[in-house]
Amino acid sequence: MSEGNAEKQLKVLAGEDLLELWRQGPDEWNRWVRTHPEWTLSFVGIDFSNEHDDQGKVSFADFYFGEGDVDFSSVHFGNNYIDFSHAIFGNGNINISKSIFGRGVTLFKNVDFGSGDINFSSSNFEKNIVFFTNCEFGNGDINFEKTIFSNSNLFFSNCNFSIGNISFNSTIFGGDTNFLGTTFSQGTLDFTEAVFKGPSVSFFDSKLGDGPVLFKSCTFGNCNVDFFATKFGDGDVSFADTTFGRGDLNFSEAVFGNGNIDFSNAKLGDGDTKFLETVFGTGDVNFSSTNFGNGNTDFTGAMFKAKNVNFSKATFGAGNVEFLQTSFTDGDIDFTETKFGNGDKIFSGADFGAANLKFRETNFSSGEVSFFDCSLIQGYVTFTGAIFNEFILCFDHAKISTLAFKPKTMGTGRFDAEGLSIQKLAIIQFPASSKNLLSCSLQGASFDGPVFLSGTLAIIADLRATKAAHQVDLSELTVQLQRIPSSPKWFEKLFAVAADKSDAARLRRLKEMAEANKDHQAALRFSADEHRARRWIQTSKLGSILDIAFSGLSNYGQSILRPFSGLIFFFCLFTSLYLENSTLQSFDTLAGWMHSALLSASNSLPFLPQSRSLRDDAMKVLYCDEPSLMVDAIMIGQGVLSFILLFLIGLGLRNRFRL
């Protein structure tokens, strides 16, 4: 080897001279490099396919590469075991771009890469197994752009990166990809448009720096993706437009810094998505238009410190969605136009703090929706325009500041809010489709502000033991008592009994609340249904018969038309009976009808001053002052019926115009 010739070539050692030095092993190599520390070492284009030892190893272990640049670009390493263990690089740049690694193993164990830039771009590791174990990277940029790992397994275990930018942009990962325990510092970590084809990707227990972390537009295939216990810095984190396959996605116990977190337009596969006990910093969290696939999505125990958490227009598949005991601070939590699948949606025990929770035009599909024991102490929660199909909606023991429940559609289901506490305003407005509601329970609920409860229900809303400090508006609430026949079909309406024996107590409470708020019409409606609910169950047989008559003749004092029509009917009936029982044989027909009508009218309205004289005159003409016992019985019967009907008319007038 001619050192003089090398010096004439701008201190570059390359080609056969460099290869000959390498063949002498690390001791001779290191001796030479220490005496020529600034030289560039160029392996450009060298083919190491046949340069291996007896064990098939091409070794750079324990080599010291000095302070100059090191160039392995376009090198063909063959199918050998490539070993850089304990190698030391200085401050020069390292170029291993466009190199080809065969089907062997490439080992970078305990390597000190120095502070220069490191370039692996466009290299091809084919079916190689690549280890970067306990490596130290300096302040330079690290470039793996468009590198192909094909079917290779890649391990970056317990490595330390410094302040340089790290790029895996458009890199293809074929096998297992593992960044276990690796620490990244201040630079940008860029995996934009990277493709992961292997069975697993793991950043378990890694520490990501304060620079941006970019997984934008990545494709993860069907691999499991693990960020368990990963610690993110304060830089922005983006998984926007990324596609995940059928594998699981795990961010459990991960800690995000105060940068913005963006999963917008990401497409998650059918595996489970886990954010158990994950901590989100103060930056915005964006899951808008994210497709969560058909797996389960679990945010149990997660903590959101962000003021804006956005799930608007997101789509959840058939799996369960859990925010069990999740905590939020303030700001907006937005599920506007989000579409949930038919799995359960569990927000039980969640603490929403002072946030505003928006479910505007949200489609909850079917399944259970639970806000059991959740807390929203200052903000509001709105369900305006929401859609529920076959569902169970639970607000039991929830503590909410302001509730606006105004869904667009409600299919067959249950509305449970026992022990619910509303501090300010409660608006519960059931849509027309809520006729399919199977139960509606607010038993034991507490309202410290005004309450507006409206809608048409085919069941009896349960407000027993509720406590209301302000007005409860039930004026637009219509309920329907469900009764079942207990007799042959032709009598079923007369002998029908309440399907639920508790309905009477529920109706009594509705009546009490309507009366307390001076809503007489609503109180009458609820009172009427209360009587029907008690019929044949709590009311005696005789009382039930009288109750049927009261209902039929006046709808429990709510109708004026019914008793008035009855009075007219009986007036006509008894007019004909009086004429039929007249003792005057040669009687003018028109005159007979007139006197019979006068007798019937005077007997129907006995309180009028003219009634007595009109009755006496008519009886003289019709019966010659000697009416038969039959006529007396008819008059008594008419008097009794007229009295009852007049009383019911008066009751109806009193109820209609009650102040």
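All of these numbers come straight from a predicted model, not from anything done at the bench.

> Just checking my understanding: could you explain the nonpolar core for this structure?
For soluble globular proteins, the rule of thumb is that nonpolar side chains tend to be buried together. Among the nonpolar cores identified, the biggest contains 153 residues, and Phe-60, Phe-65, Phe-132, Phe-191, Phe-383 and Phe-415 are the most heavily contacted of them. Counting residues per element, this core draws most heavily on helix H5 (residues 503–516), at five residues. Sequence-distant contacts of Phe-415, defined by excluding residues within four places in its chain, comprise Leu-393, Phe-395, Phe-405, Ile-428, Phe-430, Leu-437, Ser-439, Cys-440, Ser-441 and Leu-442. Core analysis: the next-biggest nonpolar cluster, separate from the first, contains 15 residues, Leu-567, Phe-570, Met-619 and Tyr-623 among them.

> Looking at this structure, how should I read the packing of helix H9 (residues 589–604) against helix H10 (residues 611–623)?
Relative placement of two packed helices is described by the angle separating their axes and the distance separating the axes. The geometry of H9 relative to H10 is characterised by a closest axis approach of 8 Å and an angle of 140 degrees between their N-to-C directions. The orientation of H9 with respect to H10, classified from their angle, is oblique. For the pair H9 and H10, the crossing hand works out as left-handed. Contacts between H9 and H10 involve Gly-592, His-595, Ser-596, Leu-599, Ser-602 and Asn-603 from the first element and Ser-611, Leu-614, Arg-615, Ala-618, Met-619, Val-621, Leu-622 and Tyr-623 from the second. Per-class residue counts for the contact of H9 with H10 are seven nonpolar, six polar and one charged.

> Help me understand H5, please; the structure alone is not making it clear to me.
Since the α-helix packs 3.6 residues into each turn, any two residues three or four apart lie on the same face. The end-to-end C-alpha separation of H5 is 20 Å, in line with the 20 Å expected for 14 residues at 1.5 Å each. Within H5 the residues assigned to the buried category are Asp-503, Ala-504, Arg-506, Leu-507, Arg-509, Leu-510, Lys-511, Met-513 and Ala-514. For H5, the secondary structure elements touched by its buried residues are strand S45 (472–473), strand S46 (477–478) and helix H6 (520–534).

> Teacher, can you tell me more about the packing of aromatic side chains here?
Any pair of aromatic rings gets described here by the distance separating the centres and the angle formed by the planes. For the coordinates displayed, the defined rule picks out 125 aromatic pairs. On the numbers, 6.1 Å between centres and 40 degrees between planes, the contact of Phe-364 with Phe-383 is tilted. Of this pair, Phe-364 sits in the loop between strand S32 (356–358) and strand S33 (367–370) while Phe-383 sits in the loop between strand S34 (375–382) and strand S35 (387–388), and the two are 19 residues apart along the sequence. Of the two residues, Phe-364 and Phe-383, both sit in the buried class. A cation over an aromatic ring shows up here: Arg-525 above the ring of Phe-526, its NZ or CZ 5.5 Å from the ring centre.

> What is the right way to look at the pairing of strand S39 (residues 413–416) in this model?
Within a regular strand, the side chains alternate between the two sheet faces. As paired elements, strand S36 (residues 391–394) and S39 share four bridges and run parallel to each other. Across the sheet, residue Cys-394 finds its bridge partner in S39, namely Asp-416. Judged from the four bridges that link them, S39 and strand S41 (residues 437–441) form a sheet pairing that is parallel. Note that in S41 the partner of Gly-413 across the bridge is Leu-437.

> Where do I start with the pairing of strand S40 (residues 421–429) in this structure?
Strand direction decides the pairing type here: strand S37 (residues 399–405) and S40, joined by six bridges, are parallel. Each bridged residue has a counterpart across the sheet, and for Ile-400 the counterpart in S40 is Ile-422. In this structure, S40 lies alongside strand S42 (residues 446–447), joined through two bridges in parallel fashion. Bridge pairing in S42 places Ser-421 opposite Ser-446. Sheet analysis places S40 next to strand S43 (residues 451–456), joined by four bridges and oriented parallel. Paired with Ala-426 across the bridge in S43 is Val-451.

> It is not clear to me how the confidence of the model for the protein should be interpreted in this structure. Could you clarify?
Overall, the predicted model of the protein reaches an average pLDDT of 89, with 96% of residues at or above 70. Low pLDDT, under 50, characterises residues 1–9; the predicted model gives this stretch 12 contacts beyond four residues in sequence or across chains.

> Would you mind showing me how to read the pattern of salt bridges here?
Should their charged atoms come close, side chains of opposite charge can pair. Evaluation of the coordinates by the stated rule reveals 16 salt bridges. Residues Arg-23 and Glu-51 are paired through a salt bridge, measuring 2.8 Å at the closest nitrogen-oxygen approach. Of this pair, Arg-23 sits in helix H2 (residues 15–23) while Glu-51 sits in the loop between strand S2 (40–42) and strand S3 (57–59); the two residues are 28 residues apart in sequence, bridging distant segments of the chain. Given the relative accessible area of 38%, Arg-23 is considered partly exposed. The residue Lys-399 makes a salt bridge to Asp-373 at a minimum N-O spacing of 4.0 Å. Of this pair, Lys-399 sits in strand S37 while Asp-373 sits in the loop between S33 and S34, and the two are 26 residues apart along the sequence. What makes Asp-373 partly exposed here is its relative accessible area of 38%.

Quick notes on the rules
- Residues numbered from 1 in each chain as written.
- Predicted model: local features only at pLDDT ≥ 70, side-chain atom pairs only at ≥ 80, totals over all residues.
- Heavy atoms only, no water.
- Core = buried A, V, L, I, M, F, W, Y, C linked by side-chain atoms within 4.5 Å.
- Buried < 20%, exposed > 50% of the residue type's maximum accessible area, 1.4 Å probe, protein only.
- Helix = DSSP H or I, 4+ residues; strand = E, 2+ residues; numbered from the N terminus.
- Contact = heavy atoms within 4.5 Å.
- Axes fitted to C-alpha atoms, helices over the stretch in contact; angles between N-to-C directions.
- Parallel < 35°, antiparallel > 145°, perpendicular 65-115°, else oblique.
- Left-handed = near helix turned anticlockwise from the far one by under 90°.
- Nonpolar A, V, L, I, M, F, W, Y, C, P; charged D, E, K, R; others polar.
- Expected span 1.5 Å × (residues − 1).
- Phe/Tyr/Trp six-rings, centres within 6.5 Å; stacked < 30°, edge-to-face > 60°.
- Lys NZ or Arg CZ within 6 Å of the ring centre and 35° of its normal.
- Pairing = 2+ DSSP bridges.
- pLDDT = per-residue confidence, 0-100.
- Salt bridge = Lys/Arg side-chain N within 4 Å of Asp/Glu carboxyl O.

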